[in-house]
Structures are given as C-alpha cells and as structure tokens.
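Below are the chains, spelled out letter by letter.
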Amino acid sequence: MASLPGAPSSFRLSSASRSTVFLLYLRELRSALRERSIVVNSILLPVFLYPLLLWVMVTGATLAEGMAEGTRSRVVVRGVPEAHVEMLDSLRAAPDVEVIVPLGAVEEAEDMLARGDVDLVVDFGIASAREAAMPDNFSVRLSYDRSVERSRRARARATAAVTRYRDRWLGRQARELDIAQAELEGFRIVSNSVSTERQLGTLLLSELLPLFLVIMVALGCFVPAIDTTAGERERSTWETTLTLAASRTDIVVAKYLFVATLGLTAGVLNVVGVFAAIGPVTAPITGSSAAEFEYSLPALAFPVVLLGTVSLSLFFAAAMMILAAFARTFKEGQGMVTPIYWLALLPLLLGQGSEATLTPVVAAIPVGNVAMMLRDAVRGVFQWPLILETLSVQVVAVVCCLLVARSVLRFEDFLIGAYDGSFWRFLKKRLITGAPRSVH
C-alpha cells in the first residue's frame, strides 16, 4: 500500500505548520477543559492531593502517638529494697504506668510477659561488689518484648522513671558525703544543634518536593496521553482527526505539546500546593508554629526546578503517548502506560531519605537523575557539570522517544487504527525486523 498523503517523515515544522500546530494545540486544550478526568488529574489533584495526603499522614501519626500516650503500661516490679520504696511509689503515682504487685515465682512473671499479660518486668538487684561501696546502691534489670510496641513503650517509661529517681538519690548521697555535683557526674554530655529553622525546613522540603513533583508530572501526563490517543480511538474520533486539513506531523506534535503542557502544569501546581501546605501541616510533628520553620528555595533553584520539570514533562508525554497510541480503549491504554508511570518511583530507589547527592552514575539515569538534581537544588547544592549531564540525558531520552514515534508513524495501518497489537509486538515485528509498511 502506498503511503498516506501527509504521512510524517520528519518533525521539522514550517511557519505554516507551526500556525496549524498552535491551532490544534488550542483545540486540544479546550477539549481537555471539558473532560472531568483530565481536569481532576492534571489540575485539581496536583493542588490538593499531596498536601491532603501529607495532612492525613501527619494527622494519623499524631493521632497514633496520642493514643499510644493514653495507654497504661502494665509493669511487674520485684525485689525493691527497703531503702528505695520511694521508687515503687513514684511508679505507682505515674498516670501511664500500672504497677502489678510482685509475684511469687520468677518464671510466672516471665510467662506473663511472653503471653502479653504484662508489658515489662522490673527487677531490682544488689549492686556489684565495687558499686556496693556506696550504701544502698542498687541495679535494675528491665525485661521486655522488643517485637511489641506496648512493651517497648513500657521500657522507655520505666527507664525514664528509674533515671529520674537515680539522679535524685545520687544527689542526696552526694550532699550527705559533701561531694560536689560536678565531681559526682565526672563528665557531662551537652547537645547543641547548630541548625537553623530555615535549614530544618529546607531538609524537610528537599525530601518531599522532588518525590511529589516527579510523581505529579507523571500523573499529569498519564490521563491526557491516554485520552488523546486511545480515548479518541474509543470515541471513534481518531479517523475524523486525520481528515483535518493538517499533516499527520502537525496533529501528533500538537497532541504531544498538549500532553506535555498538562504535565508541566501539574508539576508547577503541585509545587505551589506543597509550599502552601507544608508549613501548617507539619507544625504538629515539628512542635513549632508554621512561621518558625522557613520553607524557601535558593534563587538559583528556581531555574533548575523549572528545567527539571519541563524535561520530565517532555519525557513522560512522549513515552506515554507512544504506548497509549497502540490501545483501542481507555482502559487498555491505562494498562499499557502504567510501566512508564512506575518510573516516577525511581527517586525512592536512588538515595531518597539519605545524604546522597547527584553523582555521574545517577545523572545518567533518566527521571531519577532529575529528582536527585531537584533535591540538591532545594538544599542549595549546584553541581553544574552534573546538572548539565542530567539535562542532556533527559534531552537524549526525549529525542529517542520522538525518533521511535516518527518510525511508528511511517506505518499506515497504525495511523488508521488497523494494527492489532501492543507496542512491544510492533517494536519486535516492524521496527527491529523491518517488516513492510502494509495493513494487516
């Protein structure tokens, strides 16, 4: 079969084609604003989804912590010396500790701990020979189940109570022996954090923003890429689109720019949403008001974030459209495009949550390199050679996708929707083996 008129051989556009592309691009945008799924996924979700999820996570953590603090720890105390009955009284007076009277056999308390009937067993013992030089000195052994949260919490509470009592008792002993507090302590460890509130805010922002941005750009491209390809086939409007007074290249380029624009919009809106919500939402877990933690970006970070977002949008739009174009229904397109969406999870595998920075190896990994570059930029780290490598790799990935798309568009059966198969089957039988461009 001869080639269809206007079949694309290149993505170079003349001035007339650019005008046509712009008109088709505006047509796609107007159509998208009438589609509820596109508006929700590309505009509303970026603004509200991750701030809402962040709020749910923080609220859930705060609620769980509050519920944990409200539970009482069941503690068995044995062998309290006569001189330290005050310790037992302190534990009994604690509102979050329930002291169970000493039992007879040692094995009985251990069995209760194993069954979960009690959370902790506190055994007072006689100090070692050297430590026994101080009258009434004592040792404490805490038995708990490390695999149970209630038991770990009981251990922490009992440790805090015993430590407070020990400090008071040592203070009394020092006064009786006329020993200075400094001599008693020997040395003291004092912690002093030199980080500012802005640095703490930057740390939190650098962990959340790149991950949310990559996922949101992918989600912003996901629905439009499927709707403008598989969706048109399902609505039987693809053939009508091909009859427009425009070349196939102009139509495909307009659709591609439309998908990339919505991905870019989703990324930008998500950044705005995260900045607007991160302060008030994280205030409960930081123990500070929203004003105390400063969430800001260095001036040089803005162009880096913008370039990274644009490169992600162009890549996800091209890759998703190639796969979705082989689907006949929207549901089938979702299944085909999902593997590309999984690439948005690469930041989780490339040092997210660590002190790692962009390296030459990471800069060569598409998508993940942009996430790492954005995290460094938020922290004020600008490794310009690696940033250039990252953007170059993304450009190469986009160009490769466009070359694949150009090769696919050479086949008439694909253009008219007669081809029945996936992209991977098409890649194997047509592009690799060089099968003729005929309708099957």
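1. Regarding the nonpolar core
Moving on, step 1. By size, the foremost hydrophobic cluster in this structure holds 85 residues, and its most contacted members are Leu205, Phe316, Met320, Phe326, Met373 and Phe414.
Moving on, step 2. Tallying contributions element by element places helix 7 (residues 197-235) first for this core, with 16 residues.
Moving on, step 3. Leaving out residues up to four positions away in the same chain, Leu205 has contacts with Pro210, Val274, Phe275, Ile278, Tyr295, Ser296, Leu297 and Val378.
Moving on, step 4. Core analysis: the next-biggest nonpolar cluster, separate from the first, contains 19 residues, Leu88, Ala94, Val97 and Leu120 among them.

2. What about the state of the cysteines?
Moving on, step 1. Summed over all chains, the structure comprises zero disulfides.
Moving on, step 2. The closest cysteine sulfur to the non-disulfide-bonded Cys400 is located on Cys401, 7.0 Å from its own sulfur.

3. Brief notes about the pattern of salt bridges
Moving on, step 1. This structure, assessed with the given rule, holds 17 salt bridges.
Moving on, step 2. Here Asp117 and Arg115 are joined by a salt bridge, their closest N and O atoms 2.9 Å apart.
Moving on, step 3. Close ionic contact of Arg235 with Asp227 constitutes a salt bridge, the shortest N to O distance being 3.0 Å.
Moving on, step 4. Taking the relative accessible area as the measure of exposure, Arg235 reaches 41% and is therefore partly exposed.
Moving on, step 5. Several salt bridges share partner residues, and in doing so they unite Arg27, Glu28, Glu232 and Lys255 into one network.

4. Describing the environment of Leu211
Moving on, step 1. With respect to the secondary-structure elements, Leu211 resides in helix 7.
Moving on, step 2. Judged by its relative accessible area of 14%, Leu211 is buried.
Moving on, step 3. Separated by 135 residues in sequence, Leu211 and Leu346 have C-alpha atoms that sit 9.0 Å apart.

5. Some words on the confidence of the model for the protein chain
Residues shown with low pLDDT carry predicted positions that ought not to be read at fine detail.
Moving on, step 1. Of all residues in the protein chain, 78% attain a pLDDT of 70 or more, and the chain-wide mean is 78.
Moving on, step 2. Taken element by element, the protein chain is modelled with least confidence in helix 6 (residues 181-185), mean pLDDT 64, and with most confidence in helix 10 (residues 301-324), mean pLDDT 93.
Moving on, step 3. Contacts of residues 1-9 to residues separated by more than four positions or lying in other chains number 18 contacts, the stretch itself having pLDDT below 50.

Cut-offs and rules
- Residues numbered from 1 in each chain as written.
- Predicted model: local features only at pLDDT ≥ 70, side-chain atom pairs only at ≥ 80, totals over all residues.
- Heavy atoms only, no water.
- Core = buried A, V, L, I, M, F, W, Y, C linked by side-chain atoms within 4.5 Å.
- Buried < 20%, exposed > 50% of the residue type's maximum accessible area, 1.4 Å probe, protein only.
- Helix = DSSP H or I, 4+ residues; strand = E, 2+ residues; numbered from the N terminus.
- Contact = heavy atoms within 4.5 Å.
- Disulfide = S-S within 2.5 Å.
- Salt bridge = Lys/Arg side-chain N within 4 Å of Asp/Glu carboxyl O.
- pLDDT = per-residue confidence, 0-100.

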